[in-house]
Amino acid sequence: FEGDTATPTTDCDDTTASVSPGLDEGVTDALTLDGIDNDCDDYFDEGLLAVGDLFITEVMIDPDAVGDGEGEWLEVYNDSGVDLVLGEGWTLESGTGSFTVTGPLSIADGGYLLFARDTTPNNNHGLGTLLADFEYNGLPFNNSGGSPDNVALVFDDPASSSFTMTEFLWNQTSGFTAGPTTGATLQLERNGANYADPTDPSSWCDGEDNIDSDASL
């Protein structure tokens, strides 16, 4: 076989020695992210991921052309430096509840994942399954401008503890003076290849109301 000691019935990838039950996560002997489930437990890079490796870049909080249940969505960017996979342990959370993310979901380095409440093109004003990577049910966003107005991507890391990978708050107490503009997204500003600080309310502005051809909406 590939050089490890696992049998085919326990090994989740017989083609490489870097994947086998009992191995450490990450690049061999370097403990760095590699986007691989090295130890065959359905978690990817546990113990190695850190806050900010992924962060939210755009949110449709209050759609106008369709209802909230069809038109709400959020976009997440991979700033880790490597291709990543979301496997077990991930949830979307807000003040209105939580939803388990069922993977694996691949996100390239410098790429995006789009989470949408409805991936049916006729329902969501053209967002469509070609753009949306994952459909979540429920978890409505609060459009009032008050509390709770937040959405977060949380990782329950079995190698350490649960932590919030990225969170966006748009309520008045977090620096926004009003709720989102109806029909427009809130979008994180970008200067060339670099995004602004996602934790700074001044880094966010109304986004475009159309879907462009870029990976980012």
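Here's what I pulled together on the structure shown here. Everything quoted here is computed from the prediction, not taken from an experiment. (Residues numbered from 1 in each chain as written. Predicted model: local features only at pLDDT ≥ 70, side-chain atom pairs only at ≥ 80, totals over all residues. Heavy atoms only, no water.)

1. Here we look at the sheet that holds strand 2 (residues 73–78)
This is how it is decided: By this definition, two strands are paired if DSSP reports at least two bridges between them. Helix and strand assignments come from DSSP, with helices taken as H or I runs of at least 4 residues and strands as E runs of at least 2, each series counted from the N terminus.
Spatial strand order, 8-7-2-1-11-14: six strands in an open sheet with mixed pairing. Edge strands, defined here as strands with exactly one partner in the open sheet, are strand 8 (134–135) and strand 14 (204–206). Of the strand pairs in this sheet, strand 2 and strand 7 (residues 112–116) are connected by five bridges, and their pairing is antiparallel. The residue bridging Leu74 from the neighbouring strand is Phe115, located in strand 7.

2. A short note on unusual backbone geometry
Omega for the peptide link from Gly103 to Pro104 comes to 5°, which places this bond in the cis form. Its location among the elements puts Pro104 in the loop between strand 5 (97–100) and strand 6 (105–107).

3. What about the pairing of strand 7?
Using the following cut-off: A 1.4 Å probe rolled over the protein chains alone gives each residue an accessible area, and that area as a share of the maximum for its type sets the label: buried under 20%, exposed over 50%, partly exposed in between.
Across the five residues of strand 7, five count as buried, placing the element largely inside the fold. Where burial is concerned, the two faces of strand 7 agree: the one with Tyr112, Leu114 and Ala116 and the one with Leu113 and Phe115 are both buried. In terms of strand pairing, strand 7 meets strand 8 through two bridges, oriented parallel. Paired with Ala116 across the bridge in strand 8 is Glu135.

4. With respect to the nonpolar core
Nonpolar side chains in soluble globular proteins generally cluster together in the buried interior. Condition: Side-chain atoms within 4.5 Å link the members of a nonpolar core, which is a set of buried Ala, Val, Leu, Ile, Met, Phe, Trp, Tyr and Cys residues.
By size, the foremost hydrophobic cluster in this structure holds 35 residues, and its most contacted members are Leu54, Leu74, Leu86, Trp90, Phe115, Tyr136 and Phe168. Residue contributions to this core peak at four residues, all from strand 1 (residues 54–60). Judged by nonpolar contacts, the second largest core, of five residues, contains Met60, Leu114, Ala116 and Ala132.

5. Quick word on the pairing of strand 2
A large share of strand 2 lies buried, amounting to six of its six residues. Residues Trp73, Glu75 and Tyr77 line one face of strand 2 and the alternating positions Leu74, Val76 and Asn78 line the opposite face, and both faces are buried. Of the pairings in the sheet, the one linking strand 1 to strand 2 comprises six bridges and is antiparallel in character. Bridged to Glu58 within strand 2 is Glu75.

Geometry only, nothing functional implied.
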